[in-house]
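An overview of the molecular structure
Next come the chains, spelled out residue by residue.
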Amino acid sequence: RGLDIPRVDWIVQFDPPDDPKEYIHRVGRTARGATGSGRALLFLTPQETGFLRYLKAAKVTLNEYEFPTKKIANVQSQLQRLVERNYYLNRAARDAYRSYLLAYSSHSLRDIFNVHELDLRAVGLAFGFATPPRVDVAFGTKGSRRHNGQKLKGGVAKKKGGSRSGHDFSAANPLGRKSSGDRRQFMH
């Protein structure tokens, strides 16, 4: 908010805002200036299309586009190699992945944006990971905040069994791969 960047023609949103009013505010950046017109593009997964009814209720004009896969450059393998080989980029991608999960879990429209229904493999791929990294997140089922299986009291939970976080991310294991028997999606 508060930024006025001249000559913005397109607003591209890879993650939907918490409220349709925020969406309208973001898109309004394109309507400034003498022409007062512009375009916005919002990417949604099939599970997130319920957000469109909120936009329709706010009287936002919508057009759906499907992009032919043959016209989209596949840079996935290049992205994965880059993230895999560069330790600092890997750390940044891991932090971004974690931030995305935390932001997604805090979305107010949890009936549409349910972090527990996310395809973590697909999200991991979007951040350049062949296998989603293990990250420390402080939320449990149905939006209740938990840490190490304990409900948080006063915002702090005591760790069981010492200070080790349980994550195997290091320079030797930059993807933080979990053991073959570990089936958990989220680490607490």
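Residues numbered from 1 in each chain as written. Predicted model: local features only at pLDDT ≥ 70, side-chain atom pairs only at ≥ 80, totals over all residues. Heavy atoms only, no water.

**Quick word on the nonpolar core**
Ranked by size, the top nonpolar core spans 20 residues in total, and within it F51, L55, Y97, L101, F113 and L118 carry the most contacts. Listing elements by their share of this core, those giving two or more residues are α2 (51-57), α4 (87-105) and α5 (120-126). Considering each element in turn, this core owes the most residues, four residues, to α4. Not counting residues up to four positions away in its chain, the partners in contact with F51 are P16, P17, P20, L42, L109, I112 and F113. (Core = buried A, V, L, I, M, F, W, Y, C linked by side-chain atoms within 4.5 Å. Buried < 20%, exposed > 50% of the residue type's maximum accessible area, 1.4 Å probe, protein only. Helix = DSSP H or I, 4+ residues; strand = E, 2+ residues; numbered from the N terminus. Contact = heavy atoms within 4.5 Å.)

**Regarding the pairing of strand β1 (residues 10-13)**
Of the two faces of β1, only the one carrying I11 and Q13 is buried; W10 and V12 on the other face are not. Relative to strand β2 (residues 39-42), β1 runs parallel, the two being bridged by four bridges. Among the inter-strand pairings, I11 is bridged to a residue of β2, identified as A40. (Pairing = 2+ DSSP bridges.)

**Side note on the side chain of E48**
Inspection of the secondary structure assignment puts E48 in the loop between β2 and α2. Taking relative accessible area as the criterion, E48 reaches 3% and is therefore assigned buried. With residues up to four places along the chain from it excluded, the contact list for E48 reads P16, F43, Y104, I112 and F113.

**Examining the confidence of the model for the protein**
Averaged over every residue, the pLDDT of the protein is 76; the share at 70 or more is 65%. By mean pLDDT, strand β3 (residues 146-147) is the weakest element of the protein at 41, and helix α3 (residues 76-85) is the strongest at 94. Scored below 50 in pLDDT, residues 143-167 shows 37 contacts in the model against residues more than four places distant or in partner chains. (pLDDT = per-residue confidence, 0-100.)

**Quick word on the pattern of salt bridges**
The final tally for this structure, using the stated rule, is one salt bridge. Linking D111 and R53 is a salt bridge whose minimum nitrogen-to-oxygen distance equals 3.5 Å. Taken together, the residues D111 in the loop between α4 and α5 and R53 in helix α2 connect sequence positions 58 residues apart. Among the residues examined, R53 registers a relative accessible area of 49% and is labelled partly exposed. (Salt bridge = Lys/Arg side-chain N within 4 Å of Asp/Glu carboxyl O.)

**Describing the environment of H107**
Summarising the element assignment, H107 is placed in the loop between α4 and α5. Separated by 89 residues in the primary sequence, H107 and D18 place their C-alpha atoms 5.8 Å from one another. Excluding residues within four positions of it along the chain, H107 makes contact with P16, P17, D18 and F113. Within the structure, H107 has its side chain in polar contact with the side chain of D18 (distance 3.1 Å). (Polar contact = N/O pair within 3.5 Å; in protein donor to acceptor, adjacent residues only side chain to side chain.)

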